[in-house]
2 protein chains.
Amino acid sequence: MQVKATNSGVTPQPFSDAGTERCSDCPIRTRAVCANCDADDFTVLEDVKYDRSYQAGQVIVWAGERMDFVASVIEGVASLTQTMEDGRTQMVGLLLPSDFLGRPGRDRASYTVTAVSDIRLCCFRRKPFQQMMTSNPRLPARLLEMTLDELDAAREWLLLLGRKSAREKIASFLTILARREASQHRTEPQGEIRLTLPLTRDAMADYLGLTLETVSRQMSALKRDGVIVLTGSREVLLPDYDLLLAESGDDADGGVIN
Amino acid sequence: MQVKATNSGVTPQPFSDAGTERCSDCPIRTRAVCANCDADDFTVLEDVKYDRSYQAGQVIVWAGERMDFVASVIEGVASLTQTMEDGRTQMVGLLLPSDFLGRPGRDRASYTVTAVSDIRLCCFRRKPFQQMMTSNPRLPARLLEMTLDELDAAREWLLLLGRKSAREKIASFLTILARREASQHRTEPQGEIRLTLPLTRDAMADYLGLTLETVSRQMSALKRDGVIVLTGSREVLLPDYDLLLAESGDDADGGVIN
DNA sequence: CGATGAGTTGAGAGCAATCAAGATGGGTGG
DNA sequence: CCACCCATCTTGATTGCTCTCAACTCATCG
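- As recorded in an unreviewed UniProt entry, chain A goes by the name Transcriptional regulator, listed as coming from Paracoccus jeotgali.

So this is what it looks like as structure tokens:
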């Protein structure tokens, strides 16, 4: 929060550097790649890390572009998208706070990364980070864990894109948000939940393999049926999580077994 | 090949054990999880490993079931599938020789794993394998690499399911097979290519988020248009790889940058 | 030679995409 | 403070692709 002031006001540049904080104060410390790191590791990391902020809508890297860093999302939301020559696009990743950006051992971006909201990244210079990856087993171990989780999420996403109806896709998306929201507070989603949608209708369509019109229509339908309450186009109230879950087509325990 | 005789004839049991080979003779040695292992590692591995064979159609593990091993596919093909309560299913993984099965640190299967063809696995008992994962950095490093590759493949798959037409899906599937085929011979796919489809029309539909009728229709359409030649329902000749690629909607370099 | 499983083809229905207007709401400048 | 603008979102009418239901072909196997 106090850091948002660091990225003071309007920044017309492609990005702006922001002050680097101490790792021990970091809000994502317990969930990011560096979750398993100890105090000694942090002194090393603090040398190779630097903050970067982007405004909503800015492209962080284009697919195919060189990327001289990897990063953790500190706050805000970013998307990974793939585009076909004729312009069709599909989101293939949604990065929330603590998620990791970039692939160690690959120096070009495979996907276009866009700041969906104002976002702050904790960047690590590629070379020294890669060195740490080989010398410190805590880093690759945590990254493996995170990558496996992402693969599970991607597989749930495959089911959504391949087999679910538009209505089920919207409901599923909302349950995913509710779950990720709840997991940050280390609880299970249930009962009445209030959400702020991090995505525009257009970005939701990109995520769900729909058009923005269909997203809008199905949101209206869920609202009409009392499954959701819209208190603003981006403010959603879920009166009954279990009801929403039933609409999503998923079974009660919400997918992956842990 | 010689091993197929080991799984002699009809096996009415859920699975049959087969003789365990030496790691040094293993056909997938250079590509599997154990690719970076040295002779010493192999002596340890040979202690915790055992072969298992399954016949085409057999379920290897059901989603949610306990799984006391992880494994590498030696030969044959297996699928990971997710099922909704009403019976809709979506394939979420296709395991070819050298691919890894199971998640270290998780003792229950998240997906139903099915032998698509007759298949032979190199299984490792979970506990000792996990121990090796923590003591030997070569194993987690390789597994991370493989998992990242799988994540890339899953993301290409997301684009396919979310945005491609039935015709493009079929064409894309064939290019994926051609590429995986070519990569085993360390070449690039080009010109005329002969393929044996590892999947039935039904399994292809599961992979592509289509119905089997649509798969069949689009195969016929591609055949009619000269993009493919069917020399049997499972035998396909691709007269011109670039032509097929153009039908797939992908750009010329076939996706992910390395 | 009938039975079975896999694949093909056809006719019709349904769902989401497309094309096209409006509505809403926040921000800017008069 | 209001009027206007622009981006975002909603809603309507129509089209078209894929699904569904159904019949049929083909090869394999007892």
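Back to the text.
**Some remarks on the interface of chain B and chain A**
Point 1. Tallying the contact residues gives 49 residues for chain B and 49 residues for chain A.
Point 2. Of the charged contacts, one joins Asp152(A) and Arg103(B) as a salt bridge, the two residues approaching to 3.2 Å between their closest N and O atoms.
Point 3. Between chain B and chain A we count 22 residue pairs in polar contact (both at pLDDT 80 or more) in total.
Point 4. For the side of chain B that touches chain A, the secondary structure elements donating two or more residues are β5 (78–83), β6 (89–95), α3 (138–163) and α5 (201–208) of chain B.
Point 5. Partitioned by chemical class, the residues of the side of chain B that touches chain A number 20 nonpolar, 12 polar and 17 charged.

**Some remarks on the pattern of salt bridges**
Point 1. With the rule as written, the count across this model stands at 40 salt bridges over all chains.
Point 2. A salt bridge links Glu150(A) to Arg155(B); the shortest N-O distance between them is 2.6 Å. Of this pair, Glu150(A) sits in helix α3 (residues 138–163) while Arg155(B) sits in helix α3, on two different chains.
Point 3. By relative accessible area, Arg155(B) is classed as buried at 8%.

**Some thoughts on the protein's contact with DNA strand D**
Point 1. Around DNA strand D lies a shell of 17 residues, among which Arg201(A), Ser216(A), Ser220(A), Ala166(B) and Thr214(B) are the nearest.
Point 2. Within 4 Å of the protein, the contacting atoms of DNA strand D are drawn from sugar and phosphate to the extent of 62%.
Point 3. Within the side chain of Ser220(A), a nitrogen or oxygen atom sits 2.5 Å from a phosphate oxygen of DNA strand D.
Point 4. Arg217(B) places a side-chain nitrogen or oxygen 2.8 Å from a base oxygen of DNA strand D.
Point 5. Contributing elements (two or more residues each) for the surface near DNA strand D: α6 (212–224) of chain A together with α6 (212–224) of chain B.

**Observations regarding unusual backbone geometry**
All names here are of chain A.
Point 1. Located in the positive-phi region is arginine 186, a residue other than glycine, with phi close to 55°.
Point 2. Looking at where arginine 186 falls in the secondary structure, it is placed in the loop between α4 (166–184) and β10 (193–196).
Point 3. Accessibility expressed as a relative area gives 64% for arginine 186, which makes it exposed.

**A word on the relation of the copies chain B and chain A**
Point 1. Once chain B has been moved 0.0 Å along the axis and rotated by 180°, it coincides with chain A to within an RMSD of 0.0 Å. Within this description, the copies of the chain are treated as partners about a two-fold rotation axis.
Point 2. The residues that chain B uses at the interface reappear at the interface of chain A in 100% of cases, marking a shared surface.

**Comments concerning the protein's contact with DNA strand C**
Point 1. Surrounding DNA strand C, one finds 17 residues, the nearest of these being Ala166(A), Thr214(A), Arg201(B), Arg217(B) and Ser220(B).
Point 2. Each atom of DNA strand C within 4 Å of the protein belongs either to a base or to sugar and phosphate, the latter forming 61%.
Point 3. Thr211(A) has a polar side-chain atom sitting 3.1 Å from a phosphate oxygen of DNA strand C.
Point 4. Per-class residue counts for the surface near DNA strand C are three nonpolar, eight polar and six charged.

**Side note on the packing of aromatic side chains**
Point 1. This structure, assessed with the given rule, holds eight aromatic pairs over all chains.
Point 2. Through pairs of rings, three or more aromatic residues link up here, namely Phe100(A), Phe124(A) and Phe129(A).

**Some thoughts on the sheet that holds strand β8 (residues 112–115) of chain A**
Hydrogen bonds along the backbone pair up the strands of a sheet, which may run parallel or antiparallel.
Point 1. If you trace the four strands from one edge of the open sheet to the other, you get β3-β8-β5-β6 (chain A), paired in antiparallel fashion. Of all the strands in the sheet, just β3 (59–61) and β6 (89–95) of chain A have a single pairing partner and so form its edges. Neighbour-to-neighbour, the strand axes of the sheet open up by a mean angle of 35°, direction not taken into account.
Point 2. Pairing between strand β5 (residues 78–83) of chain A and β6(A): six bridges, direction antiparallel. Bridge assignment links Thr81(A) to a residue of β6(A), and that residue is Met91(A).
Point 3. Sitting on the sheet, α3(B) touches β5 and β6 of chain A, and the angle it makes with β6(A) is about 135°.

**Quick word on the side chain of Lys164(B)**
Point 1. Tracing the backbone shows Lys164(B) in the loop between α3 and α4 (166–184).
Point 2. A polar contact of 2.8 Å, which involves the side chain of Lys164(B), links it to the side chain of Asp250(B).
Point 3. The residues contacting Lys164(B), other than those within four sequence positions of it, are Met84(A), Arg88(A), Leu159(B), Lys169(B), Ser172(B), Ser248(B) and Asp250(B).

**Section: the pairing of strand β11 (residues 229–232) of chain A**
Residue and element names in this part refer to chain A.
Point 1. Of the strand pairs in this sheet, β11 and strand β12 (residues 235–238) are connected by three bridges, and their pairing is antiparallel. The partner of glycine 232 across the bridge, within β12, is glutamate 235.
Point 2. Hairpin connection of β11 to β12: two residues between the antiparallel strands.

**A few points about the pairing of β10(A)**
Within a regular strand, the side chains alternate between the two sheet faces.
All names here are of chain A.
Point 1. On β10, burial follows the alternation: Ile193 and Leu195 on one face are buried, whereas Arg194 and Thr196 on the facing-out side are not.
Point 2. As defined by bridge partners, β10 adjoins β12 across four bridges and the pair is classed as antiparallel. Note that in β12 the partner of threonine 196 across the bridge is glutamate 235.

**Quick word on the sheet that holds strand β10 (residues 193–196) of chain B**
Residue and element names in this part refer to chain B.
Point 1. Taken together, the three strands give an open sheet; going across it, the order is β10-β12-β11, and neighbouring strands pair in antiparallel fashion. The open sheet is flanked by β10 and β11 (229–232), the only strands paired with a single partner. Neighbour-to-neighbour, the strand axes of the sheet open up by a mean angle of 25°, direction not taken into account.
Point 2. Running at roughly 100° to β10, α4 makes contact with β10 and β12 (235–238) of the sheet.

**Comments concerning the confidence of the model for chain A**
Note: predicted coordinates in regions of low pLDDT should not be interpreted at a detailed level.
Residue and element names in this part refer to chain A.
Point 1. With 90% of its residues at a pLDDT of 70 or more, chain A shows a mean pLDDT of 90.
Point 2. Throughout residues 1–16 the model reports pLDDT below 50, and contacts reaching past four residues in sequence, or to other chains, amount to 21 contacts.
Point 3. Under a pLDDT of 50 for its full length, residues 254–258 has, in the predicted model, 12 contacts with residues more than four places off or in other chains.

**Here we look at helix α2 (residues 126–135) of chain B**
Point 1. What α2(B) keeps buried is the set Arg126(B), Phe129(B), Met132(B) and Met133(B). Projected down its long axis, α2(B) shows its buried positions confined to an angular sector of 125°, all on one face. Exposed side chains of α2(B) directed beyond 90 degrees from the buried face belong to Lys127(B), Gln131(B), Thr134(B) and Ser135(B).
Point 2. Residues of α2(B) that are buried make contact with α3 of chain A together with α1 (39–48), β4 (69–75), β7 (100–101), β9 (119–125) and α3 of chain B.

Each value, and the rule that gives it
Residues numbered from 1 in each chain as written. Chains lettered and ligands numbered in written order. Predicted model: local features only at pLDDT ≥ 70, side-chain atom pairs only at ≥ 80, totals over all residues. Heavy atoms only, no water. Contact = heavy atoms within 4.5 Å. Salt bridge = Lys/Arg side-chain N within 4 Å of Asp/Glu carboxyl O. Polar contact = N/O pair within 3.5 Å; in protein donor to acceptor, adjacent residues only side chain to side chain. Helix = DSSP H or I, 4+ residues; strand = E, 2+ residues; numbered from the N terminus. Nonpolar A, V, L, I, M, F, W, Y, C, P; charged D, E, K, R; others polar. Buried < 20%, exposed > 50% of the residue type's maximum accessible area, 1.4 Å probe, protein only. Near = heavy atom within 4 Å. Least-squares fit on C-alpha atoms with pLDDT ≥ 70 in both. Phe/Tyr/Trp six-rings, centres within 6.5 Å; stacked < 30°, edge-to-face > 60°. Pairing = 2+ DSSP bridges. Axes fitted to C-alpha atoms, helices over the stretch in contact; angles between N-to-C directions. pLDDT = per-residue confidence, 0-100. Arc of directions from axis to C-beta.

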